[in-house]
Amino acid sequence: MEFIDLKKQYEILKQEIDANIQAVLDDGHYIMGAAVSELEKELADYIGVKHCITCANGTDALSLALMAWDIKSGDAVFVPSFTFYATAEVVSLIGATPIFIDSDPRTFNIDVIHLRSMIENVIKEGKLTPRAIIPVDLFGQPAEYEEIMKIAKDYNLLVLEDGAQGFGGSINGKKACGFGDISTTSFFPAKPLGCYGDGGAVFTDSDVYYEKLVSLRVHGKGSYKYDNVRVGLNSRLDTLQAAILLPKLHAFNDYELNSRNEIADIYNHELNDIVITPLVKENMQSSWAQYTILLNDEQERNELQQYLKSKGIPSMIYYPKPLHMQSVYKDHIVYSEDLKNAENLSRKCLSLPMHPYLEREQIITVCNEIKLYLQKEMKL
Ligand SMILES: *Cc1c(COP(=O)(O)O)cnc(C)c1O
């Protein structure tokens with residue numbers, strides 16, 4: 001059994017993907033070829049935003065947004081501690097200060113109450129200028145944007161939606177990657193919509209941000225590449241990757257997203273009584289970048305993972321260490337002792353195999369082994 005079965009997907013989409021790759025090779029426009037603008041248009045339509053700017057990866061997508069807003073040293077940017085490092089790394093890279101926020105223990109997403117209190121703290125201290133919030137759509141479920149947008153308005157902050165895992169999720173039918181002033185996603189192969197290498201995209205409704213992002217993506221160009229008006233990046237999506245993503249986006253929209261949700265439903269049904277299953281809020285839909293359960297403690301989690309491994313079932317720990325505990329931030333002032341949920345989640349979380357081509361039989365096998373193991377443990 002594969003944790004994420006990319007080969008299975010390729011088998012199914014092989015004809016289209018191969019033909020698209022061949023078309024790029026025949027055409028010879030390897031950088032910014034026709035497939036790139038075609039993909040950008042389709043992605044913008046899918047999300048329901050005005051502009052999509054593809055780029056080299058999901059990390060650059062975040063950096064481009066922060067650069068477009070001129071976020072810099074002395075600025076505070078609020079990020080969840082329980083996420084992939086890139087969310088905070090881009091803040092540090094640009095010279096600003098990430099302020100770590102705790103997570104909701106059931107949705108894994110940024111805790112909006114803690115967020116508000118930390119913004120108040122930073123204002124009270126008066127050392128940093130609060131500029132932006134980067135909510136993460138962790139494991140595929142959108143963050144609580146209704147409340148986050150209220151908070152952003154109250155404190156005049158920008159919202160950068162890190163939708164690297166959120167592509168395909170929605171709130172009341174409105175698609176993720178369209179909630180932020182700028183939103184981003186990643187096409188790393190293991191994400192809900194992945195290419196065959198690195199890739200990413202930035203989304204916005206703002207014409208002003210769009211103009212800047214287009215410039216920043218190509219060395220801060222002005223009217224053309226050799227007219228340089230700002231410091232930017234070299235961060236384009238390869239034409240080949242765009243050509244690969246087009247049929248994958250169609251499959252994602254046509255059936256893969258549904259399939260992911262059906263798989264999650266089976267997991268929920270089988271595991272509800274035995275472990276803590278992931279909670280998706282009533283008005284939300286997840287794209288199930290990960291299906292993550294919670295065990296009672298670290299030991300039980302680690303032993304279950306070993307047991308599953310011995311049965312040929314892969315599982316992953318996303319994430320074993322919250323960002324405020326990473327050694328890169330050891331000298332960082334953590335403004336609060338209050339990141340207990342993030343720490344707890346990192347000790348108890350276990351992500352199970354999840355991809356649209358997982359068969360019912362396989363899911364049942366995973367669930368039965370988990371039940372067997374936990375029942376045996378209870379008897380001891
Ligand atoms: C994967 C990921 C990123 C970075 O995307 P890359 O394409 O790997 O650079 C950023 N944030 C989150 C939450 C991610 O999961």
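Trainee: Would you mind going over the overall build of the protein chain with me for this structure?
Mentor: The secondary structure content of the protein chain amounts to eleven helices and twelve strands. In terms of overall size, the protein chain behaves like a compact globule, its C-alpha atoms giving a radius of gyration of 21 Å where 380 residues would be expected to give roughly 21 Å. Along the first, second and third principal axes, the C-alpha set of the protein chain runs to 70 × 60 × 35 Å. Out of the 380 residues in the protein chain, the part that is buried amounts to 57%. Counted over contacts in the protein chain with a minimum sequence separation of 6, partners at least 24 positions apart contribute 71%.

Trainee: Whenever I open this one, a nonpolar patch on the surface confuses me. Can you help?
Mentor: Taken together, the side chains of Leu-25, Tyr-30, Ile-31 and Met-32 make up a nonpolar region of the molecular surface, amounting to roughly 370 Å² of accessible area. Counting through the fold element by element, Tyr-30 comes out in the loop between helix 1 (6-27) and helix 2 (34-47). Exposure remark for Tyr-30: the relative accessible area of 44% places this residue in the partly exposed category.

Trainee: What is the right way to look at the side chain of Gln-141 in this model?
Mentor: Relative to the helices and strands, Gln-141 resides in the loop between strand 4 (129-133) and helix 6 (145-155). Only 2.9 Å separates the side chain of Gln-141 from the backbone nitrogen of Lys-281, close enough to count as a polar contact. Sequence-distant contacts of Gln-141, defined by excluding residues within four places in its chain, comprise Thr-107, Asn-109, Leu-279, Val-280, Lys-281, Met-284 and Ser-286.

Trainee: Before we go on, may I ask you to explain the sheet that holds strand 4 in this structure?
Mentor: Whether parallel or antiparallel, the strands of a sheet pair through hydrogen bonds between backbone atoms. Pairing is mixed in the open sheet, where seven strands are placed in the order 1-9-8-5-4-2-3. If you trace the sheet from one side to the other, it starts and ends with strand 1 (51-55) and strand 3 (97-101), each paired once. Across the sheet, the axes of successive neighbouring strands diverge by a mean angle of 25°, strand direction being ignored. Running at roughly 130° to strand 1, helix 2 makes contact with strand 1 and strand 9 (200-204) of the sheet. Its contacts with the sheet place helix 3 (residues 58-68) against strand 1, strand 5 (158-162), strand 8 (182-186) and strand 9, and it is angled at close to 165° to strand 8.

Trainee: Can you help me understand the pattern of salt bridges in this one?
Mentor: Any two side chains of opposite charge can pair if their charged atoms end up close together. As enumerated under the stated definition, the model contains twelve salt bridges in all. As a salt-bridge pair, Asp-207 and Lys-50 come within 2.9 Å of each other at their nearest N and O atoms. One end of the pair, Asp-207, is in helix 7 (residues 207-217); the other, Lys-50, is in the loop between helix 2 and strand 1, and 157 residues separate them in sequence. Accessibility expressed as a relative area gives 39% for Asp-207, which makes it partly exposed. Glu-147 serves as the salt-bridge partner of Lys-150, at 3.7 Å between the closest nitrogen and oxygen. Note that Lys-150 and Glu-147 are positioned in helix 6 at a spacing of three residues, about one turn of the helix. You can call Lys-150 partly exposed: its relative accessible area is 45%. Via salt bridges that share partners, Arg-116, Glu-147, Lys-150 and Asp-154 belong to a single interconnected network.

Trainee: Would you take a moment to explain the site of the ligand for this structure?
Mentor: The full set close to the ligand counts 14 residues, and Gly-58, Thr-59, Asp-162, Ser-186 and Lys-191 are the nearest of them. One nitrogen or oxygen atom from the main chain of Gly-58 is found 2.7 Å from an oxygen atom belonging to the ligand. Note that an oxygen atom of the ligand is positioned 2.6 Å from one of the side-chain N or O atoms of Ser-186. Alone, the ligand offers 380 Å² of accessible surface; in the complex the protein occludes 92% of this. Of all the secondary-structure elements, those providing two or more residues to the shell around the ligand are helix 3 and helix 4 (86-93). Taken together, the residues of the shell around the ligand break down into four nonpolar, eight polar and two charged.

Trainee: Before we go on, may I ask you to explain the nonpolar core in this structure?
Mentor: What tends to happen in soluble globular proteins is that the nonpolar side chains get buried as a cluster. Formed by 35 residues in total, the largest nonpolar core has its most connected members in Phe-82, Tyr-267, Leu-271, Tyr-291, Ile-293, Leu-352 and Ile-370. Contributions of two or more residues to this core are made by helix 8 (239-271), strand 11 (291-294), helix 9 (298-310), helix 10 (340-348), strand 12 (349-352) and helix 11 (360-379). Looking at which element gives the most residues to this core, the answer is helix 11, with six residues. The residue makeup of this core includes at least three contributed by each of domain 1 (6-102 + 109-247) and domain 2 (255-379). When sequence neighbours within four positions are dropped, the list of residues in contact with Tyr-267 reads Asn-272, Tyr-291, Leu-352, Pro-353, Leu-358, Ile-363, Val-366 and Cys-367. In this structure, Ala-68, Ala-96, Leu-158 and Ile-182 belong to the second largest nonpolar core, which totals 30 residues.

Calculation notes
Residues numbered from 1 in each chain as written. Predicted model: local features only at pLDDT ≥ 70, side-chain atom pairs only at ≥ 80, totals over all residues. Heavy atoms only, no water. Helix = DSSP H or I, 4+ residues; strand = E, 2+ residues; numbered from the N terminus. Rg over C-alpha atoms; globule rule 2.2 N^0.38 Å. Buried < 20%, exposed > 50% of the residue type's maximum accessible area, 1.4 Å probe, protein only. Contact = heavy atoms within 4.5 Å. Patch = residues over 30% accessible without salt bridge, like charges linked within 9 Å, V, L, I, M, F, W, Y side chains within 5 Å. Areas by Shrake-Rupley, 256 points an atom, 1.4 Å probe, with all protein chains shown as cover. Salt bridge = Lys/Arg side-chain N within 4 Å of Asp/Glu carboxyl O. Polar contact = N/O pair within 3.5 Å; in protein donor to acceptor, adjacent residues only side chain to side chain. Pairing = 2+ DSSP bridges. Axes fitted to C-alpha atoms, helices over the stretch in contact; angles between N-to-C directions. Near = heavy atom within 4 Å. Nonpolar A, V, L, I, M, F, W, Y, C, P; charged D, E, K, R; others polar. Core = buried A, V, L, I, M, F, W, Y, C linked by side-chain atoms within 4.5 Å. Domains from an automatic or database assignment.

Purely geometric stuff here, so don't read any function into it on its own.
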